[in-house]
Amino acid sequence: MSVDMDPDVARRLFEEGATLVLLGVPQGTELGIDCKSWQVGPRFKGVKMIPPGLHFLHYCSVNSPGCGGEVGPKTGLFLSLKPRDVLLANWDPKEEDLDFSASQNEEEVSRIRANLRDLDPHLGPYPYEVMRKWVSLTDRLSEEVASGLQPLSGRVCAFSDVVPELQLRHTKDRAEQPRNDSACQSMREGLDRLPRMKPREGTEMRFSVIPEKKYPPGATPAEVTQCSLDQSYALETVLQRHHQLQPLNLLGELQFAFVCFLIGNVYECFEHWKSLLALLCRSEAAMREHRELYLGLIGVLYHQLGEIPPDFFVDIVSQSNFLTSTLQDFFQSAEAPGVDGTLRKRAEKFKAHLTKKFRWDFEADLDECEPVVVELPEGVTVD
């Protein structure tokens, strides 16, 4: 790790920065913090001079070259570090994971702290050149929100740890299941025969639940249609259930999902990011009620759209025109009567920025001939 750093900044981080002491990490392991990663060398024992605040530590175990050198799935965790903090972790070769339990041993941490000068040659400096980018991607994400969203296990994993929904521990239970000793007649039949899986308890993300039915109970067909076009009812439901005390924390959740996808490689988080973004952009009435939320959304998106890898960017733009159609709805809503003047101007500038940078056309009629499909309440039929 090498980085050119202003001497005054270096001195301040050396005095005030936190230290991660990571012992026993195998050589060749891919390890990183925030937006930067490296391959661990033979002398590596941790990272020093880490600015206080929220950080994302991530790593992938790697087989030795003699065993193929394959890289395992990425694991990550959010850490909230205070000035001069020392966190201690040991590599668990069986679990291929970092074990932070030693950080609870005050005597051991005190011993490490006293020996930091001896450890210093083995500690790489925090990659200060990515600090500005990291802050721009997480400025709305607090320690409280991050800890409330990440799995109870404390680990963000690129591949879900899943178990069968039905345990089938007894012969009688297994006997009641369909037999699989005949050839499948179709792909659908084959998929139906596979056991239904669910995330292992404690490993699932704890995101806000976006209601499937985006209209209130007892809604008329006309109200169902209106709530499908303007999803403010569903957005208000999410805010009341999950972010009632601080609605702006929804932006923190949007950033959490994006970082876990961009850096942690968790595809589920990308899907949640898309769902949250679509909900926010298609809630015209809420835009009049939540000025600060939408001003913040523009800032969050400005930095996020600049960080999506180019090859992936092509995929998500072309996939059902997701970004352009979603943002087109947002910009149309921002021009509606009653929207705050500052928000309207900020949206116009953002639209011009995206048009110039990505050459997107927000004036085109996207799918103008496609009907709007709405889900009617149970028991309601249209003659």
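Everything below is about the structure shown above.
Residues numbered from 1 in each chain as written. Predicted model: local features only at pLDDT ≥ 70, side-chain atom pairs only at ≥ 80, totals over all residues. Heavy atoms only, no water.

**Student:** Go over the overall build of the protein chain with me, naming the residues and quoting the values.
**Tutor:** Within the protein chain, the regular secondary structure consists of 16 helices and 12 strands. Across the 383 residues in the protein chain, those meeting the buried criterion constitute 42%. When contacts within the protein chain are restricted to residue pairs at least 6 apart in sequence, those whose partners lie at least 24 apart make up 72%. (Helix = DSSP H or I, 4+ residues; strand = E, 2+ residues; numbered from the N terminus. Buried < 20%, exposed > 50% of the residue type's maximum accessible area, 1.4 Å probe, protein only. Contact = heavy atoms within 4.5 Å.)

**Student:** Please give an account of the packing of aromatic side chains that cites residues and values.
**Tutor:** With the rule as written, the count across this model stands at 14 aromatic pairs. Each member of the aromatic cluster is reached from another via a ring pair, and the members are Tyr294, Phe330, Phe331, Phe350, Phe358, Trp360 and Phe362. Here the guanidinium or amino end of Lys274 rests over the ring plane of Phe322, the centre of that ring lying 5.4 Å away. (Phe/Tyr/Trp six-rings, centres within 6.5 Å; stacked < 30°, edge-to-face > 60°. Lys NZ or Arg CZ within 6 Å of the ring centre and 35° of its normal.)

**Student:** Go over the packing of helix α4 (residues 131-138) against helix α10 (residues 249-262), please, and point to the residues and values.
**Tutor:** The geometry of α4 relative to α10 is characterised by a closest axis approach of 9 Å and an angle of 135 degrees between their N-to-C directions. Considering the angle they form, α4 stands oblique to α10. Contact residues: Trp134, Ser136, Leu137 and Thr138 in α4; Gln255, Phe258, Val259 and Leu262 in α10. When grouped by side-chain class, the residues that make up the contact of α4 with α10 number five nonpolar, three polar and no charged. (Axes fitted to C-alpha atoms, helices over the stretch in contact; angles between N-to-C directions. Parallel < 35°, antiparallel > 145°, perpendicular 65-115°, else oblique. Nonpolar A, V, L, I, M, F, W, Y, C, P; charged D, E, K, R; others polar.)

**Student:** Can you break down the pattern of salt bridges residue by residue, with the values?
**Tutor:** Under the counting rule described, the total for this entry stands at 13 salt bridges. One salt bridge connects Lys133 with Glu307, and the closest N-O pair in it is separated by 3.5 Å. Placement of the pair is Lys133 in helix α4 and Glu307 in the loop between α13 (291-305) and α14 (310-318), with a sequence separation of 174 residues. A residue is classified by how much of its surface remains accessible, and Lys133, at 32% relative accessible area, is partly exposed. Among the charged side chains, a salt-bridge network with shared partners connects Arg291, Glu292 and Asp340. (Salt bridge = Lys/Arg side-chain N within 4 Å of Asp/Glu carboxyl O.)

**Student:** How would you explain the sheet that holds strand β3 (residues 36-39) if you had to name every residue and give the values?
**Tutor:** Either a parallel or an antiparallel arrangement is found when strands of a sheet pair, and the pairing is made through backbone hydrogen bonds. Ordered in space as β3-β2-β5-β6-β10, the five strands form an open sheet in which the pairing is antiparallel. Looking at the sheet topology across the chains shown, the edges are occupied by β3 and β10 (156-157). (Pairing = 2+ DSSP bridges.)

**Student:** Can you lay out unusual backbone geometry for me, pointing to particular residues and giving the numbers?
**Tutor:** Backbone geometry places Asp34, a non-glycine residue, at a positive phi of 60 degrees. Mapping Asp34 onto the fold places it in the loop between β2 (30-33) and β3. Even without being a glycine, Glu96 presents a positive backbone phi close to 55 degrees. Tracing the backbone through its elements, the reader meets Glu96 in the loop between β7 (86-92) and β8 (97-99).

**Student:** Can you tell me about the environment of Glu129, naming the residues and giving the values?
**Tutor:** Inspection of the secondary structure puts Glu129 in the loop between β9 (123-125) and α4. A polar contact of 3.1 Å, which involves the side chain of Glu129, links it to the side chain of Lys36. (Polar contact = N/O pair within 3.5 Å; in protein donor to acceptor, adjacent residues only side chain to side chain.)

**Student:** Before we move on, can you summarise helix α11 (residues 267-281) with the specific residues and values?
**Tutor:** Helix length check: α11 (15 residues) gives 21 Å between terminal C-alpha atoms against 21 Å at 1.5 Å per residue, within 8%. The buried fraction of α11 amounts to 11 of the 15 residues, a majority that puts the element mostly inside the structure. For α11, the complete set of buried residues consists of Cys269, Phe270, His272, Trp273, Lys274, Leu276, Leu277, Ala278, Leu279, Leu280 and Cys281. (Expected span 1.5 Å × (residues − 1).)

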